[in-house]
Amino acid sequence: MTITTARLTTVDDLAVKPTRGLSGDPAQGLLPLARRADGLIGSVIDSSTSLLAAQSHDVVRFAMGAPAAETVPTEEFRRIAAEVLDSSSFTYGATEGEPGLIETVVDHHSTTPEPTRPERLVITSGGMQGLDLAFKLFVDPGDLVAVESPTYTNGSGTALGYGADILEVPMDRDGMDVDALETLVAEAGRTPRVIYTIPNFQNPSGTTLSEDRRRRLLDLAHRWGSIILDDDPYGGLRFAGAEVPGFRAISPDDPLVFSVRTFSKVLAPGLRVGWVDADPRLRKLLIAGKQTMDTCTNVPAQHIVERFVRRGGYDEHLAGLRAEYLRRKEAMDASIARHLGPRVRTTDPEGGFFLWVTLQGEDARVRTSRLFEIALTEGVAFIPGPALSPSGRFEDAFRLCFASTTPERTEVGLQRLARALDIARDEADR
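Thresholds applied
- Residues numbered from 1 in each chain as written.
- Predicted model: local features only at pLDDT ≥ 70, side-chain atom pairs only at ≥ 80, totals over all residues.
- Heavy atoms only, no water.
- Helix = DSSP H or I, 4+ residues; strand = E, 2+ residues; numbered from the N terminus.
- Rg over C-alpha atoms; globule rule 2.2 N^0.38 Å.
- Buried < 20%, exposed > 50% of the residue type's maximum accessible area, 1.4 Å probe, protein only.
- Core = buried A, V, L, I, M, F, W, Y, C linked by side-chain atoms within 4.5 Å.
- Contact = heavy atoms within 4.5 Å.
- Pairing = 2+ DSSP bridges.
- Axes fitted to C-alpha atoms, helices over the stretch in contact; angles between N-to-C directions.
- Parallel < 35°, antiparallel > 145°, perpendicular 65-115°, else oblique.
- Left-handed = near helix turned anticlockwise from the far one by under 90°.
- Nonpolar A, V, L, I, M, F, W, Y, C, P; charged D, E, K, R; others polar.
- Phe/Tyr/Trp six-rings, centres within 6.5 Å; stacked < 30°, edge-to-face > 60°.

Draft legend 1. Looking closely at the overall build of the chain. Within the chain one finds 14 helices and 17 strands. The globule rule puts the C-alpha radius of gyration for 430 residues at 22 Å, and the 22 Å found for the chain is close to it. The dimensions of the chain, computed from C-alpha atoms along their principal axes, are 65 × 50 × 50 Å. For the chain, buried positions account for 55% of its 430 residues.

Listed below in structure tokens is the structure:
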């Protein structure tokens, strides 16, 4: 069992090494950093955007989990902006969100298995702000937070920033191994304050948490008094298989379920519009917590999203995304089979953006952190496994995003990745 405490990355990148709040080259003077600076964990995923922008050669980009540029309704956004943006769009908005957008979210979910009410909602600056608010409300320094392993390390990094100890729980094809969670918690001798899960088409594995495990997780949460942090950016992007009921469908209005949602993966990440759905008793605290961050979510973006969803066509937009991402996922499967074949094992997601790839046989001796460096030189980028584990596990694995590249570019990228793996294997054999 490994429990991860804060590890330094972001501050190191700034050439600042805090020691109990004092840091820096003596010739430059000391910087009086707070103790919490030790826990500020940067994002390899987000940093890849700047890294790729700095490349001067052609790179096939399987790294960032972004929607395909061709699927973003840019022209529709332009038309809507011309219609709805006025002076009210450029002043401060209500911290909890624009009333029209809250009403739109409620109306859109009224016919789904997870209806909601305005008093449960707070509009956020993307899904990440929802995660930050959750950890701010529920985690004290030294508290245990259970996460899937591998996981979305922007989420676990946020928990570390609030002083959490991270308990990594293994996964299989049905998502988080709840038996392992129960065993690890017993070994730790303390229960988690938060269980962080991405239940649908998980980032980075692409797996979906089974209904049985969702029910068992709810039972454990109630036994332990733990919050289930239900982070679901991809739930609307199922392109195969049967729907799995969500936590709120299984246990409506459950006070221990804190749901984080976003429009980033289905409309555009640059809008930075998401929301949290939580027990109404938390709303005043959520508003207070958000007021110390950004006062209000981007008002023009809220007005654009409201009109886009309200005028109709949103469900058709989702249907188009599902069809396109299935096509791209199948193209990536085929390219992997052609160029890597038995050298790798992959997950088989039924939606979302990602495949998880694990090296097999002698290739498993290749460190994917090193493979990443070689692959970037060869013109293809991915996220290496250690970046997706708070303790740096999964040196034999990596994440590929199939959503953001066309089948033609995917074929080029897999050719380059196979060449990079050959180079890395030769290097490892020396």
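Draft legend 2. A look at the nonpolar core. Phe258 and Phe263 are the most contacted members of the largest nonpolar core, which totals 98 residues. When neighbours within four sequence positions are excluded, Phe258 is seen to be in contact with Gly130, Ala134, Phe138, Ile227, Ile228, Leu229, Asp230, Val276, Asp277, Ala278, Leu282 and Leu286. With 22 residues, the next largest nonpolar core counts Val185, Ala221, Ile228 and Ile250 among its residues.

Draft legend 3. Representation of the sheet that holds strand 13 (residues 344-346). An order of 13-14-17-16 is seen for the four strands of this open sheet, with the pairing classed as antiparallel. Looking at the sheet topology across the chains shown, the edges are occupied by strand 13 and strand 16 (383-384). In this structure, strand 16 lies alongside strand 17 (residues 397-401), joined through two bridges in antiparallel fashion. If you follow Ile383 over to strand 17, its bridge partner there is Arg399. Against the sheet, helix 12 (residues 314-339) contacts strand 13, strand 14 (354-359) and strand 17, and its axis sits at roughly 15° relative to strand 14.

Draft legend 4. Seen up close, the packing of helix 3 (residues 74-84) against helix 11 (residues 299-310). Two elements in contact, helix 3 and helix 11, have axes separated by 9 Å at closest approach and are oriented at 110°. Here helix 3 lies roughly perpendicular to helix 11, going by the angle between them. For the pair formed by helix 3 and helix 11, the contact residues are Glu76, Phe77, Ile80, Ala81, Glu83 and Val84 on the first element and His303, Ile304, Arg307 and Phe308 on the second.

Draft legend 5. Region of the structure containing the packing of helix 5 (residues 126-138) against helix 6 (residues 153-161). The contact between helix 5 and helix 6 brings their axes to 9 Å, and the two run at 30°. Relative to helix 6, the element helix 5 is oriented roughly parallel. In the packing of helix 5 onto helix 6, the handedness of the crossing is right-handed. Two secondary-structure elements touch here, helix 5 through Met128, Leu131, Asp132 and Phe135 and helix 6 through Asn154, Gly155, Thr158 and Ala159. Grouping the amino acids of the contact of helix 5 with helix 6 by side-chain chemistry returns four nonpolar, three polar and one charged.

Draft legend 6. Representation of the environment of Leu85. Position of Leu85 relative to the elements: it lies in the loop between helix 3 and helix 4 (99-109). A relative accessible area of 26% places Leu85 in the partly exposed class. What Leu85 contacts, discounting residues up to four positions off in sequence, is Ile80, Phe90, Pro300, His303 and Ile304.

Draft legend 7. Broad picture of unusual backbone geometry. With an omega dihedral of 10°, the bond running from Ser149 to Pro150 counts as a cis peptide bond. Checked against the element boundaries, Pro150 lands in the loop between strand 6 (144-149) and helix 6. Residues Asn203 and Pro204 are joined by a peptide bond in cis, for which omega reads 20°. You will see that Thr295, though not glycine, has its phi angle at about 70°, which is positive. Along the chain, the position of Thr295 falls in the loop between helix 10 (283-291) and helix 11. Among the residues examined, Thr295 registers a relative accessible area of 35% and is labelled partly exposed. The phi dihedral of Phe394 is positive, around 70°, even though this residue is not glycine.

Draft legend 8. Geometry of the packing of aromatic side chains. A complete count under the given rule lists 14 aromatic pairs for this structure. On the numbers, 5.9 Å between centres and 65° between planes, the contact of Phe353 with Phe354 is edge-to-face. Per residue, the accessibility class of Phe353 equals that of Phe354, and both read buried. Residues Phe382 and Phe398 carry aromatic rings whose centres are separated by 4.7 Å and whose planes lie at 40° to one another, so their mutual orientation is tilted. In this pair, Phe382 is assigned in the loop between strand 15 (380-381) and strand 16 and Phe398 in strand 17, connecting sequence segments 16 residues apart. Since its relative accessible area comes to 0%, Phe382 is described here as buried. The class for Phe398 is buried, based on a relative accessible area of 1%. Here a set of aromatic residues connected by ring pairs shows up, and it is made of Phe77, Phe263, Trp275, Phe308 and Tyr314.

Draft legend 9. Region of interest: the environment of Pro73. The residue Pro73 is located in the loop between strand 4 (60-61) and helix 3 in this model. When its relative accessible area of 14% is taken as the criterion, Pro73 is described as buried. It is 36 Å that separates the C-alpha atoms of Pro73 and Ile227, two residues lying 154 residues apart in sequence. With residues up to four places along the chain from it excluded, the contact list for Pro73 reads Leu267, Phe308 and His317.

Draft legend 10. Representation of helix 13 (residues 368-378) within the structure. Within helix 13, the full set of buried residues consists of Thr368, Leu371, Phe372, Ile374, Ala375 and Leu376. Directly beyond the C-terminal end of helix 13, a positive phi value near 100° is found at Gly379.

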